[in-house]
Amino acid sequence: MHRKSIVVLGGGISGLSAAWYAAKQGAERLQVVLLEGSSSFGGWIKSYDIHNGGVMEAGPRSLRASGPTAGTTLSMISELGLEASLLPIQSSHPAAKNRFIYLNKKGLILLPNGPSWFFQTKVPFSRPLLSSVLREPFQPASTEGDDESIRSFVLRRLGKEFADYLIDPMCRGIFAGDSSKLSIKSCFRQLYDLEKDHGSVIKGMIFGKRNKEVLQSSLRDKALKEKWSIYSFKQGLGELPNALVKSLESLGADLKLSLPCTKLEFTAAGQVQITTGDGKVTTADHVISSLPSKDLAQLLSPSQHHQSLRSELTAVPSVNVAVVNVEYTGQNVLPPQFVQSFGYLVPSHQKSNILGVVNDSATFPQHNRTDQPSTRLTVMMGGEWFEDLFGSVESTSEDHLASLALEALREQLGISQDPSYCKVIVQRACIPQYFVGHSARLERIREYIRSQSLPLTLIGSSYDGVSVNDCVHFGMRAAQCVAELR
Ligand SMILES: Cc1cc2nc3c(=O)[nH]c(=O)nc-3n(C[C@H](O)[C@H](O)[C@H](O)COP(=O)(O)OP(=O)(O)OC[C@H]3O[C@@H](n4cnc5c(N)ncnc54)[C@H](O)[C@@H]3O)c2cc1C
């Protein structure tokens, strides 16, 4: 049997997942090389230790335990032997249930977290949620175009208050993005499909079939039974890429750190030549790229005339986010109603320098320092609004961002004391934005690759989902498809 060679570009969670699923096929079947350009694996997943046992996250901080792609990560965690390290949060836990928004004149407002919201009128809504929900099945489905913004979809189906107080802040929390630009089809595909298939989201939720994508595993069954909402690991999310690296090494994969790919050329024989930062050229049967699409576009040789592919890849925008990890001494620093909560988001129609605040201590108190009581928070800033608020990412100083973050915490949470720890991490171009038309762009990109028979598969957050679960799932799918290719 011909031993197929695969090169995976990028050692973030997408690339590591694809390489791991490929390597599990057996070294005699697939030869797997992974190139990571930076000096560490994990990409945006970056857990780091602060003093005395405290753990902070510079990127993602929790994974969802449900949803169509969550089962893949849970099954991977089982296989990697990470179960003992899991920190699950059940959906009944206050840190899963209690989420707030911040409105300038009203302060912190609890978002719907139980059945009473359906029957009672509660701030910020002008009527019980049930009235919007009952009307939804009677709203006509869209007949215009194949895609629309999340905001326009929600305005049509559920009204302005849903769009302003629930969906707008949610988009800032997940994508650091603007719900009036983001695509419903690409960002919330399930909602889009429910309307397409059933004419209504509510009808579809009641009568539709459950998504079949979910990968079954005993850990997923446990998560379902115990009603997990989100989870992390004892040493932070970094445990997942670390375990993948260890397992990949034992499976015989060749992992290269600090070795960027600098050029990709496709040969007439249907192979791919990969030039690396050390000037060497390697030939492989297939390349799986998990790089941000813009970075991949730079690698495609202009002499090979893939101009349309290059410009489509370059056209997927992404935003900068400033992550400000803050620790205060003591546990009495927060307003009482906020102590047991996931955090709050500030809707885009409110004047504020921040996107929101994650109450890290409530979610994962195990990550607090062990020597004395403390409170850990993370302030998220920028996203789609980064340049408008702070100017160019190159010229914004970390000190300036830190002072704006602490000012927001003073004003919005009433915290007057100085922090015992504060670190600003500016993550450049870290969250791709799936604007209206993104899915059509992906179809054009994939059709081009197919029509030219390029030995290239695209994964990573630029394409089919930004959550870690999506990255793992589509990494697995890519490895399976490549293994099946002749
Ligand atoms: C601040 C923040 C908070 C988030 N919070 C959450 C959360 O709570 N939950 C959640 O599920 N998701 C969250 N996300 C999203 C999620 O973390 C990312 O979408 C995901 O980690 C992306 O993984 P990836 O492997 O696709 O890309 P990346 O992590 O970007 O990995 C790509 C890798 O490619 C490498 N690379 C680049 N160029 C080259 C080259 N030429 N050659 C070789 N290597 C190269 C890079 O160094 C990098 O390691 C968050 C993201 C951010 C930024």
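Residues numbered from 1 in each chain as written. Predicted model: local features only at pLDDT ≥ 70, side-chain atom pairs only at ≥ 80, totals over all residues. Heavy atoms only, no water.

Trainee: Now, about the overall build of the protein chain: what can you tell me, with residues and values included?
Mentor: Broken down by element type, the protein chain carries 20 helices and 20 strands. Rg of the C-alpha trace for the protein chain: 23 Å, near the compact-globule value of 23 Å for 486 residues, within the 12% margin. Buried residues in the protein chain amount to 54% of all 486 residues. Put simply, of all contacts in the protein chain between residues at least 6 apart along the chain, 73% involve residues at least 24 apart. (Helix = DSSP H or I, 4+ residues; strand = E, 2+ residues; numbered from the N terminus. Rg over C-alpha atoms; globule rule 2.2 N^0.38 Å. Buried < 20%, exposed > 50% of the residue type's maximum accessible area, 1.4 Å probe, protein only. Contact = heavy atoms within 4.5 Å.)

Trainee: Describe unusual backbone geometry, listing the residues and the values that go with them.
Mentor: The amide bond that connects Val-123 to the next residue, Pro-124, takes the cis arrangement and shows omega of 10°. When you line up the elements, Pro-124 lands in the loop between helix H4 (116-119) and helix H5 (129-135). Even without being glycine, Asn-52 reaches a positive phi, approximately 50°. Mapped onto the secondary structure, Asn-52 falls in the loop between strand E3 (47-49) and strand E4 (55-57).

Trainee: Mind laying out the site of the ligand, listing which residues take part and the relevant values?
Mentor: The immediate surroundings of the ligand are formed by 29 residues, with Ser-14, Glu-36, Trp-44, Val-466 and Val-468 found nearest. At 3.0 Å from a nitrogen atom of the ligand is found a main-chain nitrogen or oxygen belonging to Gly-37. Within the backbone of Trp-44, a nitrogen or oxygen atom sits 3.0 Å from an oxygen atom of the ligand. When the ligand is considered free in solution it has 1000 Å² of accessible area, and contact with the protein chains removes 86% of it. Split into classes, the residues belonging to the shell around the ligand amount to 14 nonpolar, 13 polar and two charged. (Near = heavy atom within 4 Å. Polar contact = N/O pair within 3.5 Å; in protein donor to acceptor, adjacent residues only side chain to side chain. Areas by Shrake-Rupley, 256 points an atom, 1.4 Å probe, with all protein chains shown as cover. Nonpolar A, V, L, I, M, F, W, Y, C, P; charged D, E, K, R; others polar.)

Trainee: Describe in detail the pairing of strand E2 (residues 30-35), supporting the description with residues and values.
Mentor: Judged by how many residues are buried, E2 sits mostly within the fold: five of six residues are covered. By the bridge criterion, six bridges tie strand E1 (residues 4-9) to E2 in an arrangement that is parallel. Residue pairing for E2: Ser-5 is matched across the bridge by Gln-31. Taking the sense of rotation as the criterion, the β-α-β connection linking E1, helix H1 (residues 13-23) and E2 turns out right-handed. (Pairing = 2+ DSSP bridges. Right-handed = clockwise from strand over helix to strand, strands pointing away.)

Trainee: How would you sum up the packing of helix H2 (residues 70-79) against helix H20 (residues 468-484)? Please name residues and give values.
Mentor: At their nearest, the axes of H2 and H20 sit 7 Å apart, and the two run at 80° to each other. On the basis of their axis angle, the class for H2 and H20 is roughly perpendicular. Mapping the contact onto sequence places Ala-70, Thr-72, Thr-73 and Met-76 in H2 and Asn-469, Val-472, His-473 and Met-476 in H20. Taken together, the residues that form the contact of H2 with H20 break down as four nonpolar, four polar and no charged. (Axes fitted to C-alpha atoms, helices over the stretch in contact; angles between N-to-C directions. Parallel < 35°, antiparallel > 145°, perpendicular 65-115°, else oblique.)

Trainee: With reference to specific residues and values, describe the pattern of salt bridges.
Mentor: Scanning all chains against the criterion turns up 20 salt bridges. Of the charged contacts, one joins Asp-193 and Arg-189 as a salt bridge, the two residues approaching to 3.1 Å between their closest N and O atoms. A residue pair is termed a helical-turn pair when its members lie 3 or 4 positions apart in one helix, as Asp-193 and Arg-189 do in helix H9 (residues 189-198) at four residues. For the salt bridge of Arg-428 with Glu-394, the shortest nitrogen-to-oxygen distance reads 3.9 Å. Within this pair, whereas Arg-428 is found in strand E19 (residues 421-432), its partner Glu-394 is found in the loop between helix H17 (386-390) and helix H18 (398-413), the two being separated by 34 residues in sequence. Exposure remark for Glu-394: the relative accessible area of 58% places this residue in the exposed category. Several salt bridges converge on common partners, so that one network encompasses Glu-136, Glu-148, Arg-156, Arg-157 and Glu-195. (Salt bridge = Lys/Arg side-chain N within 4 Å of Asp/Glu carboxyl O.)

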